[in-house]
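# Notes for the structure review
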Protein chains: 2
Amino acid sequence: MRTYDLSGGKLCDALPAALRADILSGTLTPGEKLPSKRRFAEHHGISVNTVQNAYEQLIAEGYIEARERSGYYVADFPAELPPVPTPAGQRHTNKEEKKADVILDLVTNTTDASRFPFSLWARLMRRVLTEEESRLLAPLPAAGAPALREAIAAYLREGRGIAADSEQIVIGAGTEYLYQLLLHLLGRERCFGVENPGHTKIARIYALNGVRFCPVPLDEGGVDPAALDPLGVEVLHISPNHHFPTGTVMPATRRRALLHWMQGGDRYIIEDDYDSEFRFTGRPIPPLFGMDEAGRVIYMNTFSKTIAPSMRISYMVLPKSLLPRYRDMLGFYACPVPAFEQYTLARFLREGHFERHLHRMRTFYRTRRDEVISLLKNAPFADRIDIREADAGLHFLVRINTQRSDAELRSVFEKNGIRVAFLGDYDIGGKRSDTHTVVLNYSGVEPRELAAGILCLAEK
Amino acid sequence: MRTYDLSGGKLCDALPAALRADILSGTLTPGEKLPSKRRFAEHHGISVNTVQNAYEQLIAEGYIEARERSGYYVADFPAELPPVPTPAGQRHTNKEEKKADVILDLVTNTTDASRFPFSLWARLMRRVLTEEESRLLAPLPAAGAPALREAIAAYLREGRGIAADSEQIVIGAGTEYLYQLLLHLLGRERCFGVENPGHTKIARIYALNGVRFCPVPLDEGGVDPAALDPLGVEVLHISPNHHFPTGTVMPATRRRALLHWMQGGDRYIIEDDYDSEFRFTGRPIPPLFGMDEAGRVIYMNTFSKTIAPSMRISYMVLPKSLLPRYRDMLGFYACPVPAFEQYTLARFLREGHFERHLHRMRTFYRTRRDEVISLLKNAPFADRIDIREADAGLHFLVRINTQRSDAELRSVFEKNGIRVAFLGDYDIGGKRSDTHTVVLNYSGVEPRELAAGILCLAEK
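By convention here, each chain's residues receive numbers from 1 onward along its written sequence. Lettering of chains starts at A and numbering of ligands starts at 1, both following the order in which they are written. For this predicted model, a pLDDT threshold of at least 70 governs which residues receive local features, and a threshold of 80 or more governs which side-chain atom pairs are given and counted, while totals over whole chains, interfaces and linings are taken from all residues. Derived side-chain values reflect all non-hydrogen atoms in the structure, with water molecules and hydrogen atoms excluded from consideration.

### Some points on helix α12 (residues 353-377) of chain B
Rule in force here: Secondary structure elements follow DSSP: runs of H or I of four or more residues count as helices, runs of E of two or more count as strands, with numbering from the N terminus. Each residue after the first adds 1.5 Å to the expected span of a helix. Remark: exposure states derive from per-residue accessible area (1.4 Å probe, protein chains only) relative to the maximum for the residue type, with buried under 20%, exposed over 50%, and partly exposed in between.
Taking 1.5 Å per residue as the helical rise, α12(B) with its 25 residues ought to reach 36 Å, and the 36 Å between its terminal C-alpha atoms agrees with that figure. Among the residues of α12(B), those classed as buried are H353(B), F354(B), H357(B), L358(B), M361(B), F364(B), Y365(B), R368(B), R369(B), V372(B), I373(B) and L376(B).

### Some words on the sheet that holds strand β13 (residues 395-400) of chain A
All names here are of chain A. Going by this rule: Pairing between two strands requires that DSSP report at least two bridges joining them. Under this scheme, a helix contributes an axis fitted over its contacting stretch, all axes are lines through C-alpha atoms, and angles between N-to-C directions fall in the 0 to 180 degree range.
Spatially, the three strands line up as an open sheet ordered β12-β13-β15, and their pairing is antiparallel. If you trace the sheet from one side to the other, it starts and ends with β12 (385-388) and β15 (437-441), each paired once. Neighbour to neighbour, the strand axes of the sheet diverge by 25 degrees on average, direction disregarded. Here five bridges tie β13 to β15, and the two strands are oriented antiparallel to one another.

### Description of the pairing of β13(A)
Residue and element names in this part refer to chain A. Of all six residues that make up β13, five are buried, and the element is covered over most of its length. Here β12 pairs with β13 via four bridges, running antiparallel. Counted as the bridge partner of I387 is V398 from β13. Counting the residues that bridge the hairpin from β12 to β13 gives six residues, and of these E389 lies at a positive phi of roughly 55 degrees.

### Digging into the domain arrangement of chain A
Filter applied, for reference: Domains are outlined according to an automatic or database domain assignment.
Taken domain by domain, chain A comprises domain 1 (11-74), domain 2 (104-111 + 356-458) and domain 3 (118-351). Taken over C-alpha atoms, the centre of domain 1 of chain A sits 70 Å from the centre of domain 2 of chain A.

### Regarding the interface of chain A and chain B
Quick note on the threshold: Working rule for contacts: check all heavy atoms of both residues, and any pair within 4.5 Å makes them a contact. When two parts are brought into contact, each loses some accessible area as probed by a 1.4 Å sphere; the total of that loss over both is the buried area. Salt bridges are identified by distance alone: a Lys or Arg side-chain nitrogen within 4 Å of an Asp or Glu carboxyl oxygen. Side-chain atoms alone can form a polar contact between residues adjacent in sequence; in general such a contact is a pair of N or O atoms within 3.5 Å, and within protein one must be able to donate a hydrogen while the other accepts it. Classification used: nonpolar for Ala, Val, Leu, Ile, Met, Phe, Trp, Tyr, Cys and Pro, charged for Asp, Glu, Lys and Arg, polar for all others including Gly.
At the junction of the two partners, chain A supplies 98 residues and chain B supplies 98 residues. When chain A packs against chain B, close to 8800 Å² is buried across both sides, 59% of that on carbon and sulfur atoms. When the area that chain A buries against chain B is broken down by residue, the three leading residues are L137(A), R256(A) and R283(A), summing to 9%. Put simply, chain A and chain B have zero salt bridges between them. Along the contact surface separating chain A from chain B lie ten residue pairs in polar contact (both at pLDDT 80 or more). Of all the elements in the fold, those that place two or more residues in the side of chain A that touches chain B are α1 (11-25), α3 (48-61), α4 (118-132), α6 (175-186), α7 (200-208), α9 (252-263), α10 (323-330) and α11 (339-350) of chain A. The residue makeup of the side of chain A that touches chain B, split by class, is 51 nonpolar, 19 polar and 28 charged.

### Focus: the pattern of salt bridges
Side chains that differ in charge, positive against negative, can pair when their charged atoms come close. All names here are of chain B. Applying the stated rule across the entire model yields 31 salt bridges over all chains. For E131, the salt bridge identified is with R347, shortest N-O distance 3.0 Å. With E131 in helix α4 (residues 118-132) and R347 in helix α11 (residues 339-350), the pair connects residues that are 216 residues apart, well separated along the chain. Since its relative accessible area comes to 5%, R347 is described here as buried.

### Observations regarding the packing of aromatic side chains
All names here are of chain A. In plain terms, the rule: For Phe, Tyr and Trp, rings pair up if their centres lie within 6.5 Å, where Trp contributes its six-membered ring, and each pair is then called stacked (planes under 30 degrees apart), edge-to-face (over 60) or tilted (otherwise). The rule for a charge over a ring is simple: NZ of Lys or CZ of Arg within 6 Å of the ring centre, and within 35 degrees of the ring normal.
Going through the model one piece at a time under the given rule, you end up with 35 aromatic pairs over all chains. A ring pair is formed by F303 and Y315, whose centres lie 5.5 Å apart and whose planes are at 40 degrees; its orientation type is tilted. Separated by twelve residues along the polypeptide, F303 in the loop between β10 (297-302) and β11 (314-317) and Y315 in strand β11 bring together distant segments of the chain. Pairwise contacts between aromatic rings join W121, Y155, F289, Y299, F303, Y315, F348 and F354 into one cluster. Positioned above the aromatic ring of Y73, the side-chain terminus of R67 is 3.9 Å from the ring centre.

### A few points about the packing of helix α6 (residues 175-186) of chain B against helix α7 (residues 200-208) of chain B
Residues and elements named next belong to chain B. Keep this limit in mind: Note on terminology: angles under 35 degrees are roughly parallel, angles over 145 are roughly antiparallel, angles of 65 to 115 are roughly perpendicular, and the others are oblique. Left-handed describes a crossing in which the near helix is turned anticlockwise from the far one by less than a right angle; the clockwise case is right-handed.
At a minimum axis distance of 11 Å, the contact between α6 and α7 shows a crossing angle of 45 degrees. What the angle tells us is that α6 and α7 run oblique. α7 is crossed by α6, and the crossing has right-handed handedness. The residues of α7 that touch α6, namely those facing E176, Y179 and L183, are K201, I202, I205 and Y206.

### What about the confidence of the model for chain A?
Here is the rule: pLDDT is a residue-level measure of predictor confidence that goes from 0 to 100.
Scored by pLDDT, chain A has a mean of 85; 91% of the residues are at 70 or more. Predicted complex metrics record ipTM = 0.74 and pTM = 0.79.

### Some thoughts on the nonpolar core
Heads up, the condition is: Put simply, a nonpolar core is a bunch of buried Ala, Val, Leu, Ile, Met, Phe, Trp, Tyr and Cys residues held in one set by side-chain atoms that sit within 4.5 Å of each other.
One finds L236(A), F303(A), L236(B) and F303(B) to be the most contacted residues of the largest nonpolar core, which totals 221 residues. Ignoring sequence-local partners within four residues, the contact set of F303(B) consists of I152(B), A308(B), M311(B), I313(B), Y315(B), L345(B), L349(B) and F354(B). By size, the runner-up hydrophobic cluster in this structure holds 66 residues, among which are A143(A), L185(A), F192(A) and L322(A).

### Re the side chain of E176(A)
Residue placement: E176(A) occurs in helix α6. For E176(A), a relative accessible area of 6% translates into the label buried. One polar contact links E176(A) to K201(A), side chain to side chain, over a distance of 2.6 Å. If we ignore the near neighbours within four places in the chain, the residues touching E176(A) are K201(A), I205(A), F332(B), Y333(B) and A334(B).

### Quick look at unusual backbone geometry
The residue after N196(A), namely P197(A), is reached through a cis peptide bond having omega 0 degrees. Note on placement: P197(A) falls in the loop between β5 (192-196) and α7. A cis geometry characterises the amide bond from F244(A) onward to P245(A), with omega recorded as 0 degrees. Mapping P245(A) onto the fold places it in the loop between β8 (235-238) and α9. The phi dihedral of R69(B) is positive, around 55 degrees, even though this residue is not glycine. Mapped onto the elements, R69(B) comes out in the loop between β1 (64-67) and β2 (71-74). Located in the positive-phi region is H436(B), a residue other than glycine, with phi close to 55 degrees. One can find H436(B) in the loop between β14 (418-419) and β15 (437-441).

### A closer look at the relation of the copies chain A and chain B
Here is the rule we go by: The atoms used to superpose the copies are C-alpha atoms, taken from residues with pLDDT of at least 70 in both, and the fit is least squares.
Rotating chain A by 180 degrees about the axis while translating it 0.0 Å along that axis superimposes it on chain B, leaving an RMSD of 0.1 Å. Expressed as a symmetry operation, the mapping of one chain copy onto the other fits a two-fold axis. Of all interface residues in chain A, 100% are interface residues in chain B too; the two copies therefore contact each other through one and the same surface.

As structure tokens, this is what we get:
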């Protein structure tokens, strides 16, 4: 009888593993009889029970079979598998999107996490832990924790002039998750219109999902409804209250015209309001959702930008007409956001911390924006730049009066360790024509670093 | 001049709202000149500044326009919108999937949250709060927090015999989220094979996404590879280690045959291992992933079942050959699970709490299963039932020897307040032929409640 080395690891694992290896390698052949449990045990100085467990395990896995009143046999195995071809491109890279040497990043729109009221948040979390206890482990409705949805409904009523019941609110793990739900809800066979230029991410998600989407060109008022019919758009995805990257606020006439267009067929508008909280002059722009009498505007926003990027909580407000369809079609999904985060955020909203936090952040970003703009205006190259759309949001546009192409400008920046995006980079079709216009995300930037870095613009 | 009632709410909101309402209702007509700021302010006894802010707000929104050296005018508005037709089916139901009067639910596979080591989890959370601080707010790689992925890789090596680098691990917010990613990664144009019977949820997700999927019939060993080619299956989605609802463990010969099938073309296998931790006899079944030499098996599991349903953390292990494609195609997605949950779970795994928790739960569920089975075996109807596949997982099958159809049986159960699922309910095609077999999920059931409730089976 073959003697197995059973010294590695736990015996209850080592024994079946040794037998399994012999069967897979062909050392034990199909139909071969195994030693009786007793003989095997005596030979290895282990208990019969251990051998019995190992044999039973291998029976459960299908490697051996027990024949009544006869013993244990290796199961009937097919011939060896054919050799495995190594697929092309299987070369394994060991890095995870390693960043280049960037000193100053003007592209990534990070919120300044150091400004987050961390100890307050921690206190709320502790209270949730203590007070909610086992509710934290109970499954939630697909649309999210009722407590959070009520708190969001109250915030929207107060802060955004949106009258919605909490049952209209659907919580998601980031806006990308909600885009996906909306694809299903509104119908994958429809044609989705996206703003061009715009967030390339939205177009990528539509493309990944294999749905038809049309980049819709913008004029100074945003999407022109006259452009939609020739393209066959049926669902329009826009950010009318602060467009990225142009910064346009859609004027009221244009809003009404788009609602008019929407009512001309079985059409919907997705209103992405993700950057509306940081408006530095005047009051927040009232959303399209509140103007819609047809009940076919879907409002959407996220806390990633206002609280922290690692806070993957977004939400949408569905018009009531879509609720039955939502429940039938998507009610079987499990809510992707942990209950714990939902309850904490609900308190953060309910107790007024969120509004205070927004207020503080607005002041902080306004100051930072002013510093950055003042730096640019007093720089040696000030006469060759033009700052636009700086009233709102965490970015503005810097048009550079130059003969150089965007590609040349970019290489100048990169040589100086500055990561920069041009307006042309947000062309959905990928045309990237020269715009001479930098989309400057200032939220994660220390003005002093900017001052030191951006002097490369002074090079003629 | 018209006098506005500005007493409701904050003046800075009330004033633009009043003017906006007049413009929208037509009381102020396009082209009409507005009172000068000074006159308006004097008339209402408010400051010129307030009026100026209101006018500027309405300019930003596009309701009015300023003409140089002339004053403010109502912007040019299109005619009234057409009346809104009320879409059919817009009747608004005010309830959220309200449950019927269920005394005993044998369908929902809840884990027993009261068994969760809550105070330990809370302690870990507090430590994460204190020690990770601002890292909690920083954005994470698309695939998840490196700390959690390393902890999962270590657990898989120890507990499941899977040798994978942490970079192969992708964290998701629930398995549904990962199914969606895999659709994109493997290609939406492929044909996906799903087990029939099986989790109808998987089929629903494929259907929602408009991809081709084939229900593959099962024999006593699970999916037969011979059945795949006629159906044109290219990606096979299976749970070989404990199939739901039949409880089948796929035998080793069948596993090798499926791997052989996989290597016969550009094919993939998704191994859904979600229920493998609760095995009551023998050792855990080694996953298919470890037998795959071609590098085209994707392993997938979740913590919803082992920790709590509200813990929306799932993960998959990608073969290395898929990593470049994953990064190129899906690296732009934001990781949907909050950093806080990820760091807490990482500690829970790293410090050995998870394995201890699993061990305790295994004992707890085994005891409960034994109690439930003993109740059934000692019931007055014991001679008319047959219990199958009770070795593993949180459900087993109860075949009822009866002339009654499944529909008749179900109505007997429902009359007694018992929610029950039959094997036929998990037919992907929805055929629902009579199976006389109850899929009994016992994890959330108090045995005494079961004893009281299930006596209705005694009715002939």
